[in-house]
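Residue-level structure breakdown
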Amino acid sequence: SVRTKEDVYGICELRRRVFQELPENAWFVSNPEHSRFFRDRLLKELEGPHEWQILLRRGEALGFVGGNIHVDVPAWGTVSGLEMVLDERLRGK
């Protein structure tokens, strides 16, 4: 599971790299504000129970999966999300 700030930074770098290659799957990831929000949210979730898992090889983040539920989001009410990102070396296997 995601345990350290380095894990979070690895996830964020992997996410940025993957969606820079595949913007049609998540064009909004290239927005620096969105990326900061995602990073800050993961860092905050380190302090409590969370559902983020990271796949590491020799310290390099090659994949991650996680989800969340946000209650009382002003624009939508209760929302949830699931995200799975894999490095290109792991896709299609």
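I will try to describe carefully the structure that is included in this document.

Our focus in this paragraph is the overall build of the protein chain. For the protein chain, the helix and strand inventory stands at two helices and three strands. For the protein chain, the α and β elements follow one another from N to C terminus as α-α-β-β-β. Against the compact-globule benchmark of 12 Å for 93 residues, the protein chain has a radius of gyration of 13 Å, which places it among compact chains. Residues classed as buried in the protein chain amount to 31% of the 93 residues present. Within the protein chain, residue pairs in contact and separated by at least 24 positions form 50% of the contacts whose partners lie at least 6 positions apart. Within the structure as shown, the protein chain displays about 6600 Å² of accessible surface, and the carbon and sulfur contribution to it stands at 55%.

Summarising the sheet, strand β1 (residues 53–57) and strand β2 (residues 60–73) pair through five bridges and their orientation is antiparallel. Each bridged residue has a counterpart across the sheet, and for I54 the counterpart in β2 is F64. With antiparallel pairing between neighbouring strands as the criterion, β1 and β2 make up a hairpin whose turn holds two residues, including R58 at a positive phi of roughly 50 degrees. Strand direction decides the pairing type here: β2 and strand β3 (residues 77–86), joined by nine bridges, are antiparallel. Looking across to β3, one finds that G67 is bridged to L82. Joining the antiparallel neighbours β2 and β3 is a turn of three residues.

The rules behind the values
Residues numbered from 1 in each chain as written. Predicted model: local features only at pLDDT ≥ 70, side-chain atom pairs only at ≥ 80, totals over all residues. Heavy atoms only, no water. Helix = DSSP H or I, 4+ residues; strand = E, 2+ residues; numbered from the N terminus. Rg over C-alpha atoms; globule rule 2.2 N^0.38 Å. Buried < 20%, exposed > 50% of the residue type's maximum accessible area, 1.4 Å probe, protein only. Contact = heavy atoms within 4.5 Å. Areas by Shrake-Rupley, 256 points an atom, 1.4 Å probe, with all protein chains shown as cover. Pairing = 2+ DSSP bridges.

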